[in-house]
Amino acid sequence: MPVDTTGSPLHTAVARLVVGRDGGDYVVGRPDLGLYVVVPEPGAVLITALQAGAGLSVATARASEVAGEEVDGVDFITGLGAAGLFETVATSGNPASTGRPVRWIEAVNPRVARLLFGRIAWLGYGLAAAVVIAVFVLRPELRPTFEDVWFLPDPAAALLFFVPIGAFLTALHEMWHWLAGRALGVAAVFRVSRRGVFLVFETDLTQIVTTPRRQRYAAYVAGVCIDCVGLALVLTTRLAYRQELIDLPPVLDRVLGVVVLAQVTSICWQVTAVCLRNDGYAVLANALGCHNLYRATWLTTKDRLFGLRDAETEELAQISDHDRRVARWFGITYLASVLGMVWLALSFAVPSLIGLAMWTWRSLTSAAVSSAPFWESAALLALLAAQAFGPALLARRERLARRGGRLL
Amino acid sequence: MTGTVRRWLWRVGTATCLAVLLGTSFVSQWRLITASVTGSVAPDRVSSCLPGTAVPILPSPHVSQAAIASARYNSTPPTSGPHFPFVIAPGIYPDPIPDGLALHAMEHGHIVVHYAAGISTPDLEALRRLAKRYSRDIVLAPYPSLSTPIVLTAWARIDRLTGFDESRVTTFVQRLRGRYNHGWTRPDDCGPGAGSALAAPPVVPVCAGSDAADLGRIARENGWPVGSVGCCPECAGCCRG
């Protein structure tokens, strides 16, 4: 949409934008449209200057100072318009009027979402965590083991049955991040993505950078909070079953066992996988007052061990002094993080995966093609391959889309 | 200190930390990982002080569902031998589970409680209560072809019950759970000689001079026909047949 780059129309259009720092770059977006673009620092300076009431020429001059060379403010604004950031919308509270699909989460009123993150709610989360710890300490038999994955005699059925359970639990975790963001009044985006080689659901809380740091913790720990609540409910149910207070079908008890395993794994992951920018990383980076600790730490560590290429040296130099100071020791947490993930994998994932791999291999090589084990193994192999290679394919698709300008 | 020297110091320090810590993690799980691939191997144990009867350990590789059809075991239900590469979670199973799965549960140190089709309802309820009490240790499942109502199995150990006996089941579970986990996990403390390995053909030592009652007890504990055990002058023990 063409934009009038003079006077009041421009200021009105720019006022709808939010600007947030995202690593070494800046994100400029329209929460009401769910549309964000990454811009260099001079672009962010230009927009914030306009939002502060400066004229385009003054804003361009400030951006030029930051860039160290002349920038074309009109061209930049035109580019934002071409990206759709100046689309007219009736109000940000009525996204349906844009004709875009309504994200159901946007319909959740912040006041409603705040009920889930009020004092009583936090008391509930704390109580749930206490219940979980107490049960695990006092009733060790309720702690999860990797065997819980095999809750049905047929391994293929067990894994296939677990896929939707796992997806639901992950989605619930991310949804709570989402709601916490909504409670803060920021829009959030839910998406399927990858983290390392794992397929994950993610909530984009980019806009949270526009809120005070002390308010951000709720959004960062919200996922673990709902994990604890679910875990406490499931553990209480299993305990009541063992105490003969309630009766359950035995298979349901074992299904709850695999839920415990999934939730404990999820919580441990959020605590340990700091080097993969998990929830724990977000909490630490926020507490340490950093903006781009992730890249600063990787680059600092790489510099110590192998040296940096010119582009990386430049990137590290552009990161704030504070982040670089923290990064000098934060590498230790990355080391601990790697160890935590190895422990997690060896304790829960590797034994199950080896058993599964051996069964699949032996069934595919020795069972008759007409037999059920052969086809079950083939189906499982396809599932595992999708889990292993799916994220890589997604990443490639995202990269191609980004290069093609279809993903910003 | 030059940049190159500093970099090498960082490399050596980081590599050392990773090697020590990751190595420790892997070593602690090494037996589980290798056994998950190959199955387990361990010497026989008689351990006559323990509940139930010792059963000689068969070669116990991980095999496919197709291959297990041709497996032959030395007891019913089996207590060792070829089994599936995946295990089953402890718990109550209303339908029979394959021998290959039950064996893997035993290989992980669990107790598998089998019951015959005609078991009485009170006995079954009592077994279910125990399975809930020892929920991390017991796999409870029917085994229609049993000739006795209840059979308790652990790795290389079996006990046959004509009816529910809480004390006997509880003792079996408490003494034998976790005794084996891809290998023996602890000594049996049955006194001198009692933990010696079974040979093939099975030889039960320390019975020289035993009377007929002792020989009968040994036969029963090993599941041999009474009268098939006698003193063995050559080995100063007693042997079968």
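What counts, and where the lines are drawn
Residues numbered from 1 in each chain as written. Chains lettered and ligands numbered in written order. Predicted model: local features only at pLDDT ≥ 70, side-chain atom pairs only at ≥ 80, totals over all residues. Heavy atoms only, no water. Helix = DSSP H or I, 4+ residues; strand = E, 2+ residues; numbered from the N terminus. Contact = heavy atoms within 4.5 Å. Areas by Shrake-Rupley, 256 points an atom, 1.4 Å probe, with all protein chains shown as cover. Disulfide = S-S within 2.5 Å. Buried < 20%, exposed > 50% of the residue type's maximum accessible area, 1.4 Å probe, protein only. Pairing = 2+ DSSP bridges. Polar contact = N/O pair within 3.5 Å; in protein donor to acceptor, adjacent residues only side chain to side chain. Patch = residues over 30% accessible without salt bridge, like charges linked within 9 Å, V, L, I, M, F, W, Y side chains within 5 Å. Salt bridge = Lys/Arg side-chain N within 4 Å of Asp/Glu carboxyl O. Phe/Tyr/Trp six-rings, centres within 6.5 Å; stacked < 30°, edge-to-face > 60°. Buried area = accessible area lost by both parts, 1.4 Å probe. Axes fitted to C-alpha atoms, helices over the stretch in contact; angles between N-to-C directions. Parallel < 35°, antiparallel > 145°, perpendicular 65-115°, else oblique. Left-handed = near helix turned anticlockwise from the far one by under 90°.

(A) Focus on the overall build of chain B. Looking only at helices and strands, one finds 5 helices and 9 strands in chain B. Along chain B, helices (α) and strands (β) appear in the sequence α-β-β-α-β-α-β-β-β-α-β-α-β-β when read from the amino end. Long-range pairs, those at least 24 residues apart, make up 61% of the contacts in chain B between residues at least 6 apart in sequence. Total accessible area on chain B stands at roughly 10,800 Å², and carbon and sulfur atoms take up 60% of it.

(B) Quick peek at the state of the cysteines. All names here are of chain A. In total, this model carries 0 disulfides over all chains according to the counting rule given. Summary of cysteine pairing: C225 is not part of a disulfide, and the nearest cysteine sulfur, belonging to C228, is at 6.7 Å. Here C290 stays free of any disulfide, with the sulfur of C275 as its closest cysteine sulfur at 16 Å. Accessibility expressed as a relative area gives 6% for C290, which makes it buried.

(C) Local environment of the pairing of strand β4 (residues 138–142) of chain B. Residue and element names in this part refer to chain B. For β4, the buried fraction is high: 5 of the 5 residues fall into the buried class. The side-chain alternation of β4 yields two buried faces, one formed by I138, L140 and P142 and the other by V139 and A141. Bridging between strand β2 (residues 91–92) and β4 involves 2 bridges; their strand directions are parallel. Of the residues in β4, the one forming a bridge with G91 is V139. Sheet analysis places strand β3 (residues 111–115) next to β4, joined by 5 bridges and oriented parallel.

(D) Molecular detail of the environment of D44(B). Residue and element names in this part refer to chain B. Take D44: it is sitting in the loop between α1 (3–38) and β1 (53–54). A relative accessible area of 15% places D44 in the buried class. Sequence-wise, D44 and I57 are 13 residues apart; in three dimensions their C-alpha atoms are separated by 5.8 Å. At 2.4 Å, the side chain of D44 and the backbone nitrogen of I57 are in polar contact.

(E) View of a nonpolar patch on the surface. Where nonpolar side chains cluster on the molecular surface, the patch consists of I133(A), V137(A) and L138(A) and spans about 330 Å² of accessible area. Classification of V137(A) as exposed rests on a relative accessible area of 54%.

(F) Broad picture of the pairing of strand β5 (residues 150–154) of chain B. Residues and elements named next belong to chain B. Taking burial as the measure, the 5 residues of β5 include 5 buried ones, the bulk of the element. Neither face of β5 is exposed, since I150, L152 and A154 on one face and V151 and T153 on the opposite face are all buried. In the sheet, β3 pairs with β5 via 4 bridges, with the strands oriented antiparallel. Paired with H114 across the bridge in β5 is V151. Bridging between β5 and strand β6 (residues 157–161) involves 5 bridges; their strand directions are antiparallel.

(G) Broad picture of the pattern of salt bridges. Tallied over the full model, the rule gives 15 salt bridges over all chains. The closest approach of N and O atoms between R324(A) and D321(A), which form a salt bridge, is 2.5 Å. Residue R324(A) and its partner D321(A) are located together in helix α13 (residues 321–366), separated by 3 residues, close to a single helical turn. Given the relative accessible area of 25%, R324(A) is considered partly exposed. D188(B) is the salt-bridge partner of R45(B), the closest N and O atoms lying 3.0 Å from each other. Taken together, the positions of R45(B) in the loop between α1 and β1 and D188(B) in the loop between α4 (166–176) and β7 (203–204) put the pair 143 residues apart, joining distant regions of the chain. By the burial criterion, R45(B) is buried, and D188(B) matches it.

(H) Just the packing of aromatic side chains, in detail. Applying the stated rule across the entire model yields 16 aromatic pairs over all chains. Ring centres of W343(A) and F348(A) lie 6.1 Å apart, and the angle between their planes is 80°; on these two criteria the pair is classed as edge-to-face. According to the relative accessible area criterion, F348(A) is buried, its value standing at 13%. Seen from their ring centres, W155(B) and Y180(B) are 4.9 Å apart, and the 20° between their planes marks the pair as stacked. Of the two residues, W155(B) is situated in the loop between β5 and β6 and Y180(B) in the loop between α4 and β7; the sequence distance between them amounts to 25 residues. With respect to burial, W155(B) and Y180(B) carry one shared label: buried.

(I) Region of the structure containing the interface of chain B and chain A. Counting from both sides, the interface comprises 36 residues of chain B and, opposite them, 38 residues of chain A. For the pair chain B and chain A, the summed buried area comes to about 3,600 Å², and 65% of that belongs to carbon and sulfur atoms. Summed over the shared surface of chain B and chain A, the number is 3 salt bridges. In this structure, K132(B) and E244(A) form a salt bridge, with 3.7 Å as the shortest nitrogen-oxygen distance. Linking chain B to chain A there are 12 residue pairs in polar contact (both at pLDDT 80 or more).

(J) Region of the structure containing the packing of helix α9 (residues 250–272) of chain A against α13(A). Residues and elements named next belong to chain A. The geometry of α9 relative to α13 is characterised by a closest axis approach of 9 Å and an angle of 165° between their N-to-C directions. Accordingly, the angle class assigned to the pair α9 and α13 is roughly antiparallel. α9 and α13 meet at a crossing whose hand is left-handed. Residue-level inspection shows L261, T265, C268, W269 and T272 of α9 in contact with α13, the latter providing S337, G340, M341, W343, L344 and F348.

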